[in-house]
Amino acid sequence: MATELPKKEAVIVGMGWTGSIIAAELAKAGVEVVGLERGKERGLKDYYVVHDELRYAIRYDLMQDLSKETITFRHHLNERALPMRQMGSFLLGEGSGGSGVHWNGQTYRFLPYDFQIRTQTIEKYGEEKINQLNLQLQDWGITYDELEPYFYEFEKAAGISGEANPLGPERKNEYPNPPMKETPITAKFKQATENLGYHPFHVPSSNMSQTYENQYGATLSACQYCGYCERFGCEYGAKGDPTVAVIPFAKETGNFELRHFANVTEVIHEGGKATGVRYIDVKTKEEFIQPADIVILSGYVMTNTRLLLTSNLGSPYNPETGAGVIGKNYCYQLLPGVTGFFDEERFNTFMGAGALGASIDDFNGDNFDHADLDFIHGGNIACTQTGARPIASNNVPAGTRSWGSEFKELSINYYTRSISISAQGASMPVRENYLDLDPTYKDAYGLPLLRMTYNFTEQDRNLYHYIGERLDEIMLEMGASQISERSNLENYDIVPYQTTHNTGGVIMGDDPGTSAVNNYLQMWDAENVFVVGASAFAHNSGYNPTGTVGALAYRAVEGMLKYREEGGNLV
Amino acid sequence: MSRRRFIRNSGLVAGGLVGGGVIGGLIGANTRTGEQAVNPETGGAQTGKVINFQQAPLYFSNMERFAVLEAACERIFPEDQNGPGAISLGVPFFIDHQLAGAWGYNAKEYMQGPFYPGSEFQGYQTALLRHEVFDEGITAIEKYSSDHYEGAKFVELDDEQKDEVLSQFADGEVEMHGVTSTTFFRLLRAATLEGVYADPAYGGNKNMQGWRMKGFPGHQMSFLNQIESEQFIEIEPNSLRNYTDHH
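Residues numbered from 1 in each chain as written. Chains lettered and ligands numbered in written order. Predicted model: local features only at pLDDT ≥ 70, side-chain atom pairs only at ≥ 80, totals over all residues.

Asks: With reference to specific residues and values, describe the overall build of chain B.
Replies: When helices and strands are tallied, chain B shows seven helices and zero strands. Mapped in sequence order, the helices and strands of chain B form the string α-α-α-α-α-α-α. Classification of the 247 residues of chain B by burial places 40% in the buried group. Across chain B, the fraction of contacts at a sequence separation of at least 24, relative to all contacts at a separation of at least 6, is 60%. (Helix = DSSP H or I, 4+ residues; strand = E, 2+ residues; numbered from the N terminus. Buried ≥ 20, exposed ≤ 12 C-beta atoms within 10 Å, placed from the backbone. Contact = placed C-beta atoms within 7 Å.)

As structure tokens, this is what we get:
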């Protein structure tokens, strides 16, 4: 029997970047809000011994406990999906701050092209371009210009250090902080790409280039370039991390309560409106109902999608017909990369920061002509110096066996004599790639796991191949003695780490027939439910997603406050 | 000299040294016998024989089987002109300790059935826990060696023969109970490299010699003043121990 708790004006599910921002902004506006986070509480003091590669980077100490919940995966409709039993391809966060605790901090704005991708592709190349590639391409129901101020709000909150991108969209403001330092590695990449006629710039970074105070009064320290960002919390408080940058402010308002170990299992609804959520205290297994006027889902892509499906809220997507919306347009990214081996030079590869790097957008979005290419979009190409750690960094030239004396010799030699560059290849939605509930496997509470049906497409393989060739050219221009062997993109594999840039499932748009939420991330089918995060992306771009996730969170808060005053569908 | 004083005198000061002497630091670290070049418990002045209490099995209870693990790790990361191998670095004990704990028992992995082999793209699908995978793997190595080398034990084979055996496992050519030999070999390889390069707190990477070989300085507070350097900088490594020297 669930215990019903006193009603709140708003309940937030998940306390990562988006949940934290929403908590802070609603509480600031006087809304009584409660945040429910299934993981544990954490903050600066909990990152004291983070310089431990095994514990954090290899054993995933800060990440989701898959024994409680995972996803299942298959390539296509006719295959049996099996559980992702251990973490691999992507790393799911858990605990206050979510993945915002252990992200690298590379923070871009998606391109104007992204938000109107269908319209602009048709205008320039004709509809047959989309049809030839079998893409399920949609505009997002909002433009870059409309989102511009919200991007800036997030960049201030996360303290982005950066410089103008010569090919980037128009910015009304400078970045809050100057770019990070130039290193021999970033300089080498910039020189090579300039030689080739491209337009390099420093990666926009949520590792602070100087001491910085954000709009919430949080002081973030200057980055020490210690090399422990991705998969680690920052013990200096030098990374934009919600537990440092946002949550303390939300608590200070007096209007925000944060409950940990609260695993939400259902959005309770009737007559097209939510009345609250049901959750389990994961320690005591007690069940509670938290009534609320507004329900905000701000979990990860998987969590948001699964919660709507298990709650029977919104119409589930059908991959046979393309009808329905919940679970639609799941996208990922393609990661072409090249490693250069430098026999004559040695680099301080072990120094670095998660978002220290240089990149180019010459092959991203529609910044290059696709008329004669068999794909659309592209990817940001970057050379980052995130801090090579010794367990995971064992670059050896092609043809070397992965163990034994030769491997030992070469992996030691090239640890400080190799540099990698890679692209974040954009991922375009197709009808067959989607998310639904698994018919067999359950979580620790007896609810169905989310099932991912996903494989790479022809569009993906063509993009990967084309960008891969550009990477090789750049690496040779950088002066590598030899470069790694390039392979073609074939089937998606759930095992090796690729990227935690999963998107879609609860996508935004301007049409209730083809999207789940409007441009305030308000559900078409339930006006007091807002579903926030990369789950709203109608496709995935060639960048890290967090900048756009943050912008959408600020946009959504505006919607919630408007809804609080006016009610009804906001669009 | 107090422990705290010792660390201040050696570890932290050494951490600030730039250039030369790092490879030289390997000399005098008698790694074969469990002696340590520097004994933090008694102070740097005493460099005599010291008992390393971490070098004891917590998982393995049969030393013949432990010897198979030792021999296999040593072939994956052998002692050579670059420096110590897996055994000298304490890797077998690192793996033993890992198997005895949460990792060995798949504490954070989804282990609910039903189990199916799955495609090669669906990852770990065995019902076996990691410690059971190692148990099966060692049994299979012994059996394969005996079957193919006239009843010989794996540890009796020469290096080339050991590599032949391990290659068969790596290539998935050996029949195992409930798990593929590729899955076992990948775990063994990964755990070996972890033992070479994880913080010495875990029982491997003895005296940080795995790090020294690679030029990795372990945990350093800051590279703010070095990140722009055009020169490669050799730095005496620090371990997690430096965080907690006040305890």
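Asks: Which residues make up the overall build of chain A, and what values go with them?
Replies: Within chain A, the regular secondary structure consists of 13 helices and 23 strands. Scaling as 2.2 N^0.38, a compact globule of 571 residues should have a C-alpha radius of gyration of about 25 Å, and chain A matches this with 23 Å. In terms of overall dimensions, chain A has C-alpha extents of about 70 × 55 × 50 Å along its principal axes. (Rg over C-alpha atoms; globule rule 2.2 N^0.38 Å.)

Asks: Summarise the interface of chain A and chain B; cite the residues concerned and give the values.
Replies: At the interface, 51 residues of chain A touch 49 residues of chain B. When contributions to the side of chain A that touches chain B are tallied by element, the ones reaching two or more residues are α2 (53-58), β5 (82-83) and α11 (405-415) of chain A. Element by element, the count of residues in the side of chain A that touches chain B is highest for α11(A), at five residues. Residues belonging to the side of chain A that touches chain B are distributed by class as follows: 24 nonpolar, 15 polar and 12 charged. (Nonpolar A, V, L, I, M, F, W, Y, C, P; charged D, E, K, R; others polar.)

Asks: Could you give an account of the packing of helix α4 (residues 130-148) of chain B against helix α6 (residues 181-197) of chain B, naming the residues involved and the relevant values?
Replies: Residue and element names in this part refer to chain B. Look at α4 against α6: their axes get within 10 Å of each other, and the N-to-C directions meet at 110°. Between α4 and α6, the angle is such that the two are roughly perpendicular. Residue-level inspection shows R130, V133, E136, G137 and A140 of α4 in contact with α6, the latter providing S181, T183, F184, L187 and L188. Of the residues assigned to the contact of α4 with α6, the class counts are five nonpolar, three polar and two charged. (Axes fitted to C-alpha atoms, helices over the stretch in contact; angles between N-to-C directions. Parallel < 35°, antiparallel > 145°, perpendicular 65-115°, else oblique.)

Asks: Hey, could you go over the sheet that holds strand β4 (residues 71-74) of chain A for me, with residue numbers and the actual values?
Replies: All names here are of chain A. An order of β5-β4-β19-β18 is seen for the four strands of this open sheet, with the pairing classed as mixed. Of all the strands in the sheet, the pair left with one neighbour each is β5 and β18 (434-442). Here β4 pairs with β5 via two bridges, running antiparallel. Looking at β5, one finds that F73 is bridged to L82. (Pairing = 2+ DSSP bridges.)

Asks: Describe the pairing of strand β2 (residues 8-13) of chain A, listing the residues and the values that go with them.
Replies: Residues and elements named next belong to chain A. Direction of pairing for β2 relative to strand β12 (residues 287-297): parallel, over a ladder of five bridges. Looking across to β12, one finds that A10 is bridged to I294. In this sheet, strand β3 (residues 33-36) lies alongside β2 in parallel orientation, the contact comprising four bridges. Bridge assignment links I12 to a residue of β3, and that residue is G35. Of the crossover connections in this fold, the one passing from β2 over helix α1 (residues 17-28) to the parallel β3 is right-handed. (Right-handed = clockwise from strand over helix to strand, strands pointing away.)

Asks: Could you give me a rundown of the UniProt feature "domain: Glucose-methanol-choline oxidoreductase C-terminal" (unreviewed entry) in chain A, with the residues and numbers involved?
Replies: If you check UniProt for "domain: Glucose-methanol-choline oxidoreductase C-terminal" (unreviewed entry), the listed places come out as residues 429-553 of chain A in our numbering. Measuring from the first to the last C-alpha atom of residues 429-553 of chain A gives 23 Å, for a span that is 22% helix and 22% strand. (UniProt positions renumbered as here; feature names shortened; annotations may be inferred.)

Asks: Please set out the nonpolar core residue by residue, giving values where relevant.
Replies: With 225 residues, the main nonpolar core has A:I296, A:V531, A:V532 and A:A536 as its most contacted residues. Among the domains, domain 1 (1-53 + 215-247) and domain 2 (54-207) of chain B are the pair contributing at least three residues each to this core. Dropping the residues within four chain positions of it, A:V532 is found in contact with A:T18, A:I22, A:I296, A:L297, A:S298, A:L521, A:L552, A:A553 and A:A556. (Core = buried A, V, L, I, M, F, W, Y, C linked by C-beta atoms within 7 Å. Domains from an automatic or database assignment.)

Asks: Outline the environment of A:L463, listing residues and values.
Replies: Residues and elements named next belong to chain A. For L463, the location among the structural elements is in helix α12 (residues 458-477). We classify L463 as buried; it has 30 C-beta atoms within 10 Å. Between the C-alpha atom of L463 and that of F375, which follows or precedes it by 88 residues, the distance is 5.9 Å. What L463 contacts, discounting residues up to four positions off in sequence, is L334, F375, H377, G378 and G425.

Asks: Let's hear about unusual backbone geometry: which residues, and what values?
Replies: Trans is the common state for peptide bonds, and a negative phi is the common state for residues other than glycine. Cis rather than trans, the peptide bond between B:G113 and B:P114 has omega equal to 0°. Relative to the assigned elements, B:P114 resides in the loop between α3 (91-100) and α4. Even without being a glycine, A:N134 presents a positive backbone phi close to 55°. Along the chain, the position of A:N134 falls in the loop between α5 (127-132) and α6 (144-157). Judged by the 14 C-beta atoms lying within 10 Å of it, A:N134 is partly exposed. The backbone phi angle of B:E150 is positive, close to 55°, even though this residue is not glycine. Assignment of secondary structure puts B:E150 in the loop between α4 and α5 (159-170).

Asks: Account for the UniProt feature "domain: Glucose-methanol-choline oxidoreductase N-terminal" (unreviewed entry) in chain A, naming residues and giving values.
Replies: Look at the UniProt record and you will see "domain: Glucose-methanol-choline oxidoreductase N-terminal" (unreviewed entry) annotated at residues 218-331 of chain A. Within residues 218-331 of chain A, the helical portion is 18% and the strand portion 34%, while the C-alpha atoms at the span's ends are 34 Å from each other.

Asks: With reference to specific residues and values, describe the packing of α3(B) against α6(B).
Replies: All names here are of chain B. Close contact between α3 and α6 brings their axes to 8 Å; oriented N to C, the two are set at 115°. Relative to α6, α3 is oriented roughly perpendicular. The handedness of the crossing between α3 and α6 is right-handed. The segment α3 lies against α6, with V91, F94, I95 and Q98 engaging A191, T192, G195 and V196. When the residues that make up the contact of α3 with α6 are grouped by side-chain class, the tally is five nonpolar, three polar and no charged. (Left-handed = near helix turned anticlockwise from the far one by under 90°.)

Asks: Talk me through the environment of A:L147; I want residue IDs and the actual numbers.
Replies: Residues and elements named next belong to chain A. Mapped onto the elements of the fold, L147 is located in helix α6. The buried category is assigned to L147, around which 22 C-beta atoms lie within 10 Å. L147 sits 64 residues away from P83 along the chain, and the two C-alpha atoms are 37 Å apart. Look past the residues within four positions of L147 in its chain and what remains in contact with it is I142, A551 and R555.

Asks: Can you lay out α6(A) for me, pointing to particular residues and giving the numbers?
Replies: All names here are of chain A. Taking 1.5 Å per residue as the helical rise, α6 with its 14 residues ought to reach 20 Å, and the 19 Å between its terminal C-alpha atoms agrees with that figure. Largest kink in α6: about 25°, centred on Y150. Every buried residue belonging to α6 is among L147, Y150, F151, Y152, F154, E155 and A157, and all of these are buried. As for α6, its buried residues are in contact with α1, α8 (242-245) and α13 (546-566). Of the residues one or two after α6, G159 is the one with positive phi, at around 65°. (Expected span 1.5 Å × (residues − 1). Bend = angle between axes of the 7 residues up to and from the residue.)

Asks: If you had to explain α12(A) to someone new, which residues and values would you point to?
Replies: Residue and element names in this part refer to chain A. With 20 residues, α12 should reach 28 Å at 1.5 Å per residue; the first-to-last C-alpha distance of 29 Å fits that figure. Q459, D460, L463, Y464, Y466, I467, G468, R470, L471, I474 and M475 are the residues of α12 that are buried. Contacts from the buried residues of α12 go to α7 (184-195), β14 (337-341), β16 (379-386), β17 (418-425) and β20 (482-483). Note on α12: the residue one or two positions beyond its end, G479, has a positive phi of about 95°.

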